[in-house]
Amino acid sequence: MTYRPHYGWLIAAVLFICFAMTVGILQYSFGVFVTPLEEEFGWNRAQVNTSLAFFAMTGVLAPLAGPVLDRFGSAPVMVASFLVVALSFLPRPWMTELWEFYALNLLMYAGMPGAIMLPVGKLIGIWFVEGRGRAIGVTAMGANFGGFIFTVLTETLIDTFDWRVTYFLFGLIFLALIPLIALTIRETPRAARNTTPDAQPQPPPAALEGMTARDALRSRAFVLVCIGLLFASIPYQSVLTQIIPHLEGEGFSRGDASLAVGILAVFGMVGKLLLGYLTEKVAARYVFVGSLVFQMIGLLILISAGVSPLVWLFVPIFGIAFGGMGSLFTLIIQDTFGIRAFATIFGLVNFFILPAPLIGPTLVGMSFDATGGYTLAFSAISALMIVGSIAFYFAVPPRWQRTGLPDAPRDVARAAG
């Protein structure tokens, strides 16, 4: 079999674009819509933020999508998922009720597991053995690139047109991704495909490494990884989406607040590459501990900064540490359990961390409505990061349950080299 890494980089480029569109629009741009929706419909902050709780749908569906992806491949799952996401945006210009906003967000998040969460780790894990951390880092940088582009672009589109036109345009963007995915994504190099009609394509050896989902579920490491990821995932829905409203409340203009989040996204790109590279030298769980510690420091700076220049110190510290998690979420699963049943295990992990998106955003919104600010909520989230750090520190990878396999993916890469 001839392994052609150049095609792996083409797949990584497509995944980079998918990351940019998905995370840039679904997460980074959310805060830009908050004020226009409140002004249009009279909704309060807790009501708007409750829509973020439907991110929990990703955890409900991920355990179902994971085995489907492992069985049928990434391309068909991604195509169907992006179609669902597109259909969640196109009707938004005509919504008038809060329940309609909730229903469309529910549909949007239902498409996320198969669109980007599960396929990235599976595809990069298959196509890259050596340099896997860097490959995932580069691919996941698309999320922050999308954050930089879409935070500013969303503000511009809303000011130029309105929020309705902006939502519709985003739906068209997601539709445009579907043919690109269908034409490029595959899990097996062409040279490895048997021309016999009844033969099955043989995946690269990397796809066979690791534990079964059943063995992973029985391990102590699985419990600790779930605890760590539970608290590490809280900032995605409960902090990132609230930075723009927080800065506006402190006295920043919406444009300056959007610019700060856009720059934060750029630092996040650096974090994904840097922390991804570090996992090739140090166990992913230790890198994750460092990420959470620096996020906590960044949040404490943000709380005390007000409108002072300290805000611009928060941006790189939090941006690098927070952005790096885009690589670490995938890498800690691969580092601990391998590639063999990655999508299934990752889907199960997402199910067990459901409380983060289900409860966090609503509580943050309620805290804002009760206190008029985010200080209490951000302080509590900082404390939870300490708990997550402790869980990751003790999440020692179990010995893989296949005869002759080493204890961690990096040992396979080293042996292959």
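Let me begin by describing the structure that accompanies this report. Computed from a predicted model, the values in this text were never measured in an experiment.

### So, the pattern of salt bridges
Okay, step 1: Applying the stated criterion to the full structure yields 2 salt bridges.
Okay, step 2: The salt bridge involving Glu 40 is made with Arg 164; its shortest N-O contact spans 2.9 Å. Residue Glu 40 is found in helix α2 (residues 30-41), and its partner Arg 164 is found in helix α9 (residues 163-184); the two are separated by 124 residues along the sequence.

### What to know about the environment of Val 364
Okay, step 1: Its location among the elements puts Val 364 in helix α18 (residues 355-371).
Okay, step 2: When its relative accessible area of 5% is taken as the criterion, Val 364 is described as buried.
Okay, step 3: In this structure, the C-alpha to C-alpha distance between Val 364 and Thr 375, residues 11 residues apart in sequence, is 9.8 Å.
Okay, step 4: Apart from residues no more than four positions distant in its own chain, Val 364 is found in contact with Ser 238, Gln 242, Tyr 374, Ala 377 and Ile 381.

### Re the packing of aromatic side chains
Okay, step 1: For the structure on display, the rule yields 26 aromatic pairs.
Okay, step 2: Ring geometry for Phe 33 and Tyr 167: centres 4.1 Å apart, planes at 5°, overall stacked. With Phe 33 in helix α2 and Tyr 167 in helix α9, this pair connects stretches of sequence that are 134 residues apart.
Okay, step 3: Consider the rings of Phe 41 and Trp 163, whose centres lie 5.6 Å apart with planes at 65°: the pair is edge-to-face. One end of the pair, Phe 41, is in helix α2; the other, Trp 163, is in helix α9, with 122 residues separating them in the sequence.
Okay, step 4: Through a chain of ring-to-ring contacts, the aromatic side chains of Phe 33, Phe 41, Trp 43, Phe 82, Phe 89, Phe 101, Tyr 102, Phe 150, Trp 163, Tyr 167, Phe 170 and Phe 174 assemble into a single cluster.
Okay, step 5: Arg 92 extends its terminal NZ or CZ atom over the ring of Phe 89, reaching a point 4.6 Å from the ring centre.

### Structural notes on the nonpolar core
Okay, step 1: Counting 132 residues, the largest nonpolar core has Phe 174, Leu 229, Phe 288 and Ile 333 as the members making the most contacts within it.
Okay, step 2: Of all the elements, helix α1 (residues 5-28) adds the most residues to this core, at 13 residues.
Okay, step 3: Those residues in contact with Phe 288, other than ones at most four positions away along the chain, are Leu 229, Ala 232, Met 325, Leu 328, Phe 329, Ile 332 and Phe 392.

### Let's talk about a nonpolar patch on the surface
Okay, step 1: A cluster of nonpolar side chains, namely Leu 83, Leu 87, Trp 94, Leu 107, Phe 161, Val 165, Phe 168, Leu 169, Leu 172 and Leu 175, defines an oily patch on the protein surface of about 870 Å² accessible area.
Okay, step 2: Looking at the nonpolar patch, the elements that each hand over two or more residues are α5 (74-89) and α9.
Okay, step 3: Sort the elements by how many residues they give to the nonpolar patch and α9 lands first, with 5 residues.
Okay, step 4: Relative to the helices and strands, Phe 168 resides in helix α9.
Okay, step 5: A relative accessible area of 32% means that Phe 168 is categorised as partly exposed.

### What to know about helix α16 (residues 311-337)
Okay, step 1: Taking 1.5 Å of rise per residue, 27 residues should cover 39 Å, and α16 covers 39 Å from first to last C-alpha, within 8% of that figure.
Okay, step 2: The largest bend in α16 amounts to roughly 40° and is located at Ser 327.
Okay, step 3: With respect to burial, α16 is a largely interior element, 23 of its 27 residues being buried.
Okay, step 4: Just downstream of α16 lies Gly 338, where phi reads positive at about 90°.

### A closer look at the packing of helix α7 (residues 112-127) against helix α8 (residues 132-160)
Okay, step 1: In contact at an axis separation of 10 Å, α7 and α8 are set at 140° when each is read in the N-to-C sense. The pairing of α7 with α8 is recorded here as oblique in orientation. Seen from above, α7 lies across α8 with right-handed handedness. Residues Val 120, Ile 124 and Gly 125 of α7 pack against Arg 132, Ala 135, Ile 136 and Thr 139 of α8.
Okay, step 2: For the contact of α7 with α8, the per-class residue count stands at 4 nonpolar, 2 polar and 1 charged.

Rules and cut-offs
Residues numbered from 1 in each chain as written. Predicted model: local features only at pLDDT ≥ 70, side-chain atom pairs only at ≥ 80, totals over all residues. Heavy atoms only, no water. Salt bridge = Lys/Arg side-chain N within 4 Å of Asp/Glu carboxyl O. Helix = DSSP H or I, 4+ residues; strand = E, 2+ residues; numbered from the N terminus. Buried < 20%, exposed > 50% of the residue type's maximum accessible area, 1.4 Å probe, protein only. Contact = heavy atoms within 4.5 Å. Phe/Tyr/Trp six-rings, centres within 6.5 Å; stacked < 30°, edge-to-face > 60°. Lys NZ or Arg CZ within 6 Å of the ring centre and 35° of its normal. Core = buried A, V, L, I, M, F, W, Y, C linked by side-chain atoms within 4.5 Å. Patch = residues over 30% accessible without salt bridge, like charges linked within 9 Å, V, L, I, M, F, W, Y side chains within 5 Å. Areas by Shrake-Rupley, 256 points an atom, 1.4 Å probe, with all protein chains shown as cover. Expected span 1.5 Å × (residues − 1). Bend = angle between axes of the 7 residues up to and from the residue. Axes fitted to C-alpha atoms, helices over the stretch in contact; angles between N-to-C directions. Parallel < 35°, antiparallel > 145°, perpendicular 65-115°, else oblique. Left-handed = near helix turned anticlockwise from the far one by under 90°. Nonpolar A, V, L, I, M, F, W, Y, C, P; charged D, E, K, R; others polar.

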